[in-house]
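Listed below, chain by chain, are the residues.
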Amino acid sequence: MLNGSGIKIFSGTSHPELAEIIARRIGLPLSKAEITRSGIGETNVRITESVREDDVYIINTGCGAVNTSLMELCIMIHACKIASAKRITAVIPLFPYARQDKKDKSRAPITAKLVANMIQKAGCDHVITMDLHASQIQGFFDVPLYAEPSAILYIRTHFNVEDVVIVSPDAGGAKRATSIADRLGVDFALFHKERKKANEVSRMVLVGNVKDKIAILVDDMADTCGTLCLAASHLSEAGAQKVFGFVTHGILSGNALATIAESNLEKLIVTNTLPQNANQAACKKIEVIDIGKVLGEVIRRSHYGESVSKLFHEVPY
């Protein structure tokens, strides 16, 4: 718990519930800022208390009207910068445009880098974010965090670890899945998949043995959930006792909830980097893990100059 000396925590409008959880963890009230929209959609921000020489944390995530949230964050950063804040840290649980992280065809932009530049030019000193879609984005900023300890703690407390196999739904997530499997001391499997186009998989091949095991699919985000649910079907056909999903960012767009409800997944466990109340009410298979306390502890450690990596690599939170 912080004593409030020299630290201010502000919330944007994208996920105020998470901001409240983080503030309670730290033991401070949210600082006051007025955020309004003009008639033509421009964002107006007014910081209503002094931030001079303070360590400022601004919490906003990439959900809902993503472009509005991003612009709101940049304006809040700029407002605090010109108000003489000592240090400004953006807390962005879901980094906007994280999936546009590489030049995969001619004349394609690297939008994740553009977003990083925007935030930096606005006056941000550090970014705290959860489970970036691709590891190369870490080069744009420091303090990337991982939901891995939360996944490990959940698995240890809800399953007999000896019956578990960790599965990656694609080769790109193999590093994430193998890291969890190694820390749990369990087997690992993955799917090789071929895509016709974005969000549409043509073929999936399972590499590894899941027979008579509890298969846990792990990924950074679930959007339409087509890949995840197709993988769950293949795992059941391969002899898995039960299939669970664990993802950090539950975007759950389009028909995702209906797809999950009809799938072979027993549960889809997501974190609250995005608001999940409506999703949880609409689908009984959705379970939410709170990472607000983790983010709060990261802010406390960052403020006092303590190790952040120690929290995530040595202590299951």
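Residues numbered from 1 in each chain as written. Predicted model: local features only at pLDDT ≥ 70, side-chain atom pairs only at ≥ 80, totals over all residues. Heavy atoms only, no water.

- Per an unreviewed UniProt entry, the protein goes by Ribose-phosphate pyrophosphokinase 2 and derives from Psilocybe cubensis.

1. As for the nonpolar core
Grouped burial of nonpolar side chains is what soluble globular proteins tend to show.
Then step 1. Counting 27 residues, the largest nonpolar core has Val 167, Leu 217, Leu 235, Leu 252 and Leu 268 as its most contacted members.
Then step 2. Counting residues per element, the ones that place at least two in this core are strand 8 (164–168), strand 9 (187–197), strand 11 (214–222), helix 6 (226–237), strand 12 (242–250), helix 7 (256–261) and strand 13 (265–271).
Then step 3. When neighbours within four sequence positions are excluded, Leu 252 is seen to be in contact with Ala 222, Asp 223, Cys 225, Leu 257, Ile 260, Leu 268, Gln 276, Asn 279 and Ile 286.
Then step 4. Core analysis: the second largest hydrophobic core is formed by 25 residues, Val 45, Ala 79, Val 115 and Ile 119 among them. (Core = buried A, V, L, I, M, F, W, Y, C linked by side-chain atoms within 4.5 Å. Buried < 20%, exposed > 50% of the residue type's maximum accessible area, 1.4 Å probe, protein only. Helix = DSSP H or I, 4+ residues; strand = E, 2+ residues; numbered from the N terminus. Contact = heavy atoms within 4.5 Å.)

2. A word on the environment of Glu 162
Then step 1. Here Glu 162 shows up in the loop between helix 4 (148–158) and strand 8.
Then step 2. Spatially, the C-alpha atom of Glu 162 lies 9.2 Å from that of Leu 184, the residues being 22 residues apart in sequence.

3. A word on helix 6
Then step 1. For helix 6, built from 12 residues, the straight-helix expectation of 16 Å at 1.5 Å per residue is met to within 8% by its first-to-last C-alpha distance of 17 Å.
Then step 2. Burial in helix 6 covers these residues: Thr 227, Leu 228, Cys 229, Ala 231, Ala 232 and Leu 235. (Expected span 1.5 Å × (residues − 1).)

4. So, the packing of aromatic side chains
In this description, a pair of aromatic rings is defined by centroid distance and the angle of the planes.
Then step 1. Counted under the stated rule, the structure contains three aromatic pairs.
Then step 2. Among the aromatic residues, those joined into a ring-pair cluster are Tyr 154, Phe 159, Phe 244 and Phe 246. (Phe/Tyr/Trp six-rings, centres within 6.5 Å; stacked < 30°, edge-to-face > 60°.)

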